[in-house]
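Residue-level structural notes
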Amino acid sequence: MASVDLESGIPECESIESLTKEVEVLKAKLEEERKKLNDVELYVAAQKLDTLAQFNFKPRKVLKGHQGKVLALDWSPDKRHLVSSSQDGKVIVWDAFTTNKEHAITMPTTWVMACAFGPSGGVIAAGGLDNKLTLYPLSFEDDINSKKRVVANHSNYISCCKFQHSDQQILTGSGDTTVCLWDIESATAITTFNGHMADVMAIDSSPSETSNVFVSGGADHCVYVWDVRTGQYVQTFDEHEGDVNGVRFHPSGEAVASASDDATCRLFDLRADRQVGFYRKESIIFGCNSVDFSSSGRLLFGAYNDYCVNVWDTLKCIRACIMYGHENRVSCLRMAPDGTALGTGSWDLTLRVWA
């Protein structure tokens, strides 16, 4: 005998079926409304623009010192220093000009999958398979380890972190499917963001300090846009067919780029509420791990598993050039804050600075 919902008196299987159908109908209606506003594709609108001139990015510096795969990197606001984390359990702060290591920190775990510089440039955060995020104030006077503090805890590994416009708050993404916003002083969670159906792989906050949104990508193939004030997601994009490994806001703050295991990058316009850019070639069959924009937003850089960085014309949706140099998969990349250099990290144990 079928179980009956006591409140409604409707058999549960029927109510679930009818609700599922209703959801599908509503989804179709939403898609229709989106299509009405979809007057022209971005690459068609950009056809009148001049093609970009040939340019040649070269690796200007090679940073060697990690004994394991480089998993994450971030630039300091001073545009000179880099922090990187690795499978070897080390976090290294580099002077990108001289290639010197200024700090080398041994973490309590291997696979340190997340690291970030604080907006002041005087503090870094890192975490990974230990399920914790640890904060390290940078100082040459004291032993860094004596001042370290655990500021975040998850029930699974920490995959990514991003300071939220100040040294007082930080966002973390985790394999427990949540994103959390933490108060660093008290080491307590301000808000937990639930919505992803699988591991959260990447997060990025809006470039505008007055904005209240941030974006996340996950192994559920989805990109979510969240409102910090409500703790709820306000937009979702589910076009990817593989894990979303990287997300990045356009410099304007009005669009988001994503990188995926499906060997594509995509551009989502938040105002149009839809995908406007699609970056792929038949010859590219390897996943993309990370994305970032040039300072103008015209170029999109993607770090791929086939050892190279593909550079896309954001508007024309065509490949502008390929950057060769690494000898294993490129796991992470970041544009310097002033847009003059690109930092990349790889499973070949090195980081490279390109210009």
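Look up: the structure comes first, before these words.
Reading the values: the criteria
- Residues numbered from 1 in each chain as written.
- Predicted model: local features only at pLDDT ≥ 70, side-chain atom pairs only at ≥ 80, totals over all residues.
- Heavy atoms only, no water.
- Helix = DSSP H or I, 4+ residues; strand = E, 2+ residues; numbered from the N terminus.
- Rg over C-alpha atoms; globule rule 2.2 N^0.38 Å.
- Buried < 20%, exposed > 50% of the residue type's maximum accessible area, 1.4 Å probe, protein only.
- Pairing = 2+ DSSP bridges.
- Axes fitted to C-alpha atoms, helices over the stretch in contact; angles between N-to-C directions.
- Salt bridge = Lys/Arg side-chain N within 4 Å of Asp/Glu carboxyl O.
- Phe/Tyr/Trp six-rings, centres within 6.5 Å; stacked < 30°, edge-to-face > 60°.
- Contact = heavy atoms within 4.5 Å.
- Polar contact = N/O pair within 3.5 Å; in protein donor to acceptor, adjacent residues only side chain to side chain.

**Side note on the overall build of the protein**
Helix and strand content of the protein: 2 helices and 28 strands. The C-alpha atoms of the protein give 21 Å as radius of gyration, which agrees with the globular expectation for 355 residues (20 Å, within 12%). Each of the three principal axes of the protein carries a C-alpha extent, and together these read 70 × 55 × 35 Å. Among the 355 residues that make up the protein, the fraction classed as buried is 50%.

**Here's the deal with the sheet that holds strand β13 (residues 188-194)**
The sheet built from 4 strands is open, its strands ordered β10-β11-β12-β13 with antiparallel pairing. Each edge of the sheet is formed by a strand with only one pairing partner; in this case those strands are β10 (158-163) and β13. Neighbour-to-neighbour, the strand axes of this sheet turn through a mean angle of 20 degrees, independent of strand direction. The sheet contact formed by strand β11 (residues 169-174) and strand β12 (residues 178-183) spans 5 bridges and is antiparallel. Each bridged residue has a counterpart across the sheet, and for Thr 172 the counterpart in β12 is Cys 180.

**A look at the sheet that holds strand β23 (residues 299-304)**
What the 4 strands build is an open sheet, ordered β22-β23-β24-β25; its pairing is antiparallel. At either end of the open sheet lies a strand with only one pairing partner, and these are β22 (288-293) and β25 (318-323). Neighbour to neighbour, the strand axes of the sheet diverge by 25 degrees on average, direction disregarded. By the bridge criterion, 5 bridges tie β23 to strand β24 (residues 309-313) in an arrangement that is antiparallel. For Gly 302, the partnering residue across the bridge sits in β24 and is Asn 310.

**Re unusual backbone geometry**
Of note in the backbone geometry, Thr 177 takes a positive phi value of approximately 80 degrees without being a glycine. With respect to the helices, strands and loops of the structure, Thr 177 is situated in the loop between β11 and β12. Residue Thr 177 is classed as partly exposed on the basis of its relative accessible area of 23%. Look at Ala 187: it is not a glycine, yet its phi comes out positive at around 55 degrees. By the secondary structure assignment, Ala 187 is in the loop between β12 and β13. Residue classification places Ala 187 among the partly exposed positions, given a relative accessible area of 28%.

**Comments concerning the pattern of salt bridges**
Per the counting criterion, the structure on display carries 11 salt bridges. Note that Arg 298 and Asp 313 form a salt bridge whose closest N and O atoms lie 2.9 Å from each other. Placement of Arg 298 in the loop between β22 and β23 and of Asp 313 in strand β24 is noted, with a sequence separation of 15 residues between them. Since its relative accessible area comes to 2%, Asp 313 is described here as buried. Here the salt bridges share partners, and the residues they tie into one network are Lys 162, Asp 204, Arg 248 and Asp 292.

**Thoughts on the packing of aromatic side chains**
Counted by the stated rule, this structure contains 10 aromatic pairs. With a centroid separation of 5.7 Å and an interplanar angle of 70 degrees, the aromatic rings of Phe 193 and Trp 226 are classed as edge-to-face. Here Phe 193 is found in strand β13, whereas its partner Trp 226 is found in strand β16 (residues 223-227), with 33 residues between them in sequence. We note that Phe 193, like Trp 226, is buried.

**Remarks on the side chain of His 250**
Turning to its location among the elements, His 250 is positioned in the loop between β18 (244-249) and β19 (255-260). The class of His 250 is buried, set by a relative accessible area of 15%. With near-sequence residues (within four places) excluded, His 250 lies in contact with Pro 207, Ala 255, Val 256, Phe 293, Ser 296 and Gly 297.

**Re the environment of Tyr 304**
For Tyr 304, the location among the structural elements is in strand β23. The exposure class assigned to Tyr 304 is buried, which follows from its relative accessible area of 0%. Tyr 304 sits 41 residues away from Ala 263 along the chain, and the two C-alpha atoms are 8.0 Å apart. Within polar-contact distance, the side chain of Tyr 304 engages the side chain of Trp 312 at 3.2 Å.

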